Amino acid sequence: IGRIKSDTVDVPPVRVVVGCTCSGVSAIMSQLAAPLEVTVVSGGSTSPSLSNKAQHPFFARVIPSDSKQGAGLAALVKNLGESAPDGWSRIVLLYTEDVYSEGIATVFASDPSVSKMTVLKELLPRLDVKSSQEAADFDYARILAVAKRIAAYRPLPRIF
């Protein structure tokens, strides 16, 4: 264990913090470490807000931000759609209610690559069940309602 700021000389100072794997924790660590000029490195924090060097001057990551992932996904869908026999004119975008999924979905839907396609964004309800009783009590009607909206949007072919 090193020291971040201390007059103790027998313990070497901390230069880098590695391992925050979610954006929320990385943002807090980055703000705490910045005044001490300690770098925070993440392998899983993808929030675009962490790219703001004014707020996070000592933050680094080894994974692209959500904005890059959303744009990459849009480019992939565009290329696949253009090479499809009839071309793709409509896309159904399913995502869950969390910062990661919402960020990528927003970037994807607004990307110029898919601007000529109609994008139907459908928020899936969270399915946080941890036991068989919770699974039995879960309101599957919410998921069925999403499936029915998708089927009405484009009845066939469907991939589920």
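About the thresholds
- Residues numbered from 1 in each chain as written.
- Predicted model: local features only at pLDDT ≥ 70, side-chain atom pairs only at ≥ 80, totals over all residues.
- Heavy atoms only, no water.
- Patch = residues over 30% accessible without salt bridge, like charges linked within 9 Å, V, L, I, M, F, W, Y side chains within 5 Å.
- Areas by Shrake-Rupley, 256 points an atom, 1.4 Å probe, with all protein chains shown as cover.
- Salt bridge = Lys/Arg side-chain N within 4 Å of Asp/Glu carboxyl O.
- Helix = DSSP H or I, 4+ residues; strand = E, 2+ residues; numbered from the N terminus.
- Buried < 20%, exposed > 50% of the residue type's maximum accessible area, 1.4 Å probe, protein only.
- Pairing = 2+ DSSP bridges.
- Right-handed = clockwise from strand over helix to strand, strands pointing away.
- Arc of directions from axis to C-beta.
- Contact = heavy atoms within 4.5 Å.
- Core = buried A, V, L, I, M, F, W, Y, C linked by side-chain atoms within 4.5 Å.
- Axes fitted to C-alpha atoms, helices over the stretch in contact; angles between N-to-C directions.

Novice: How would you summarise a nonpolar patch on the surface if you had to cite specific residues and measurements?
Specialist: A contiguous nonpolar patch, built from Leu73, Leu76, Leu80 and Trp88 and spanning about 360 Å² of accessible area, is present on the exposed surface. Mapped onto the elements of the fold, tryptophan 88 is located in the loop between α2 (66-83) and β4 (90-96). Among the residues examined, tryptophan 88 registers a relative accessible area of 39% and is labelled partly exposed.

Novice: Explain the pairing of strand β2 (residues 39-42) residue by residue, including any values.
Specialist: Here β2 shows a buried face lined by Val40 and Ser42 and an unburied face lined by Thr39 and Val41. Bridging between strand β1 (residues 16-18) and β2 involves three bridges; their strand directions are parallel. Opposite valine 17, over in β2, you have valine 40 as the bridge partner. In this fold, the crossover linking β1 to β2 by way of helix α1 (residues 23-33) has right-handed handedness. Of the pairings in the sheet, the one linking β2 to strand β3 (residues 59-61) comprises three bridges and is parallel in character. Bridging from a neighbouring strand, valine 40 pairs with phenylalanine 59 of β3.

Novice: Describe the pairing of strand β5 (residues 118-124), with residues and values.
Specialist: Taken together, the seven bridges between β4 and β5 define a ladder with parallel strand orientation. Following the sheet pairing, leucine 94 is matched in β5 by glutamate 122. The parallel pair β4 and β5, bridged by helix α3 (residues 99-110), forms a crossover whose chirality is right-handed.

Novice: Please provide a residue-by-residue account of α1, values included.
Specialist: For α1, every residue scored as buried is listed here: Ser23, Ser26, Ala27, Ser30 and Ala33. Along the axis of α1, the buried positions cluster into a sector of 140 degrees, meaning they face one direction only. Exposed residues pointing more than 90 degrees away from the buried face of α1 are listed as Ile28 and Leu32. Those residues of α1 that are buried lie in contact with β2 and β3.

Novice: Account for the nonpolar core, naming residues and giving values.
Specialist: In this structure, Ala74, Val77, Ile91, Leu93, Tyr95, Ala105, Phe108, Val114 and Met117 together form the largest nonpolar core, which totals nine residues. Of all the elements in the fold, those that place two or more residues in this core are α2, β4 and α3. A total of three residues in this core trace back to one element, the largest contributor, which is β4. Excluding residues within four positions of it along the chain, phenylalanine 108 makes contact with Gly70, Leu73, Ala74, Val77, Ile91, Leu93, Val114 and Val119. Ala27, Ala33, Val40 and Phe59 belong to the second-largest nonpolar core, a separate cluster that totals eight residues.

Novice: Give a detailed account of the pattern of salt bridges, specifying residues and quantitative values.
Specialist: All told, the structure shown has one salt bridge when counted by the stated rule. With a shortest N-O distance of 3.6 Å, lysine 78 and glutamate 82 are connected by a salt bridge. One end of the pair, lysine 78, and the other, glutamate 82, are both in helix α2, four residues apart, so they sit about a helical turn from each other.

Novice: Report on the environment of leucine 94, specifying residues and quantitative values.
Specialist: Structurally, leucine 94 can be placed in strand β4. With 30 residues separating them along the chain, leucine 94 and leucine 124 place their C-alpha atoms 6.5 Å apart. Apart from the residues within four sequence positions on either side, leucine 94 is in contact with Glu122, Leu124, Val146 and Ile150.

Novice: Account for the sheet that holds β2, with residues named and values stated.
Specialist: Taken together, three strands build an open sheet; the order of strands is β1-β2-β3 and the sheet is parallel. Each edge of the open sheet carries a strand with a single partner, namely β1 and β3. The average angle at which neighbouring strand axes cross in this sheet is 20 degrees, direction not considered. Its contacts with the sheet put α1 on β1, β2 and β3, and the angle it makes with β2 is roughly 165 degrees.

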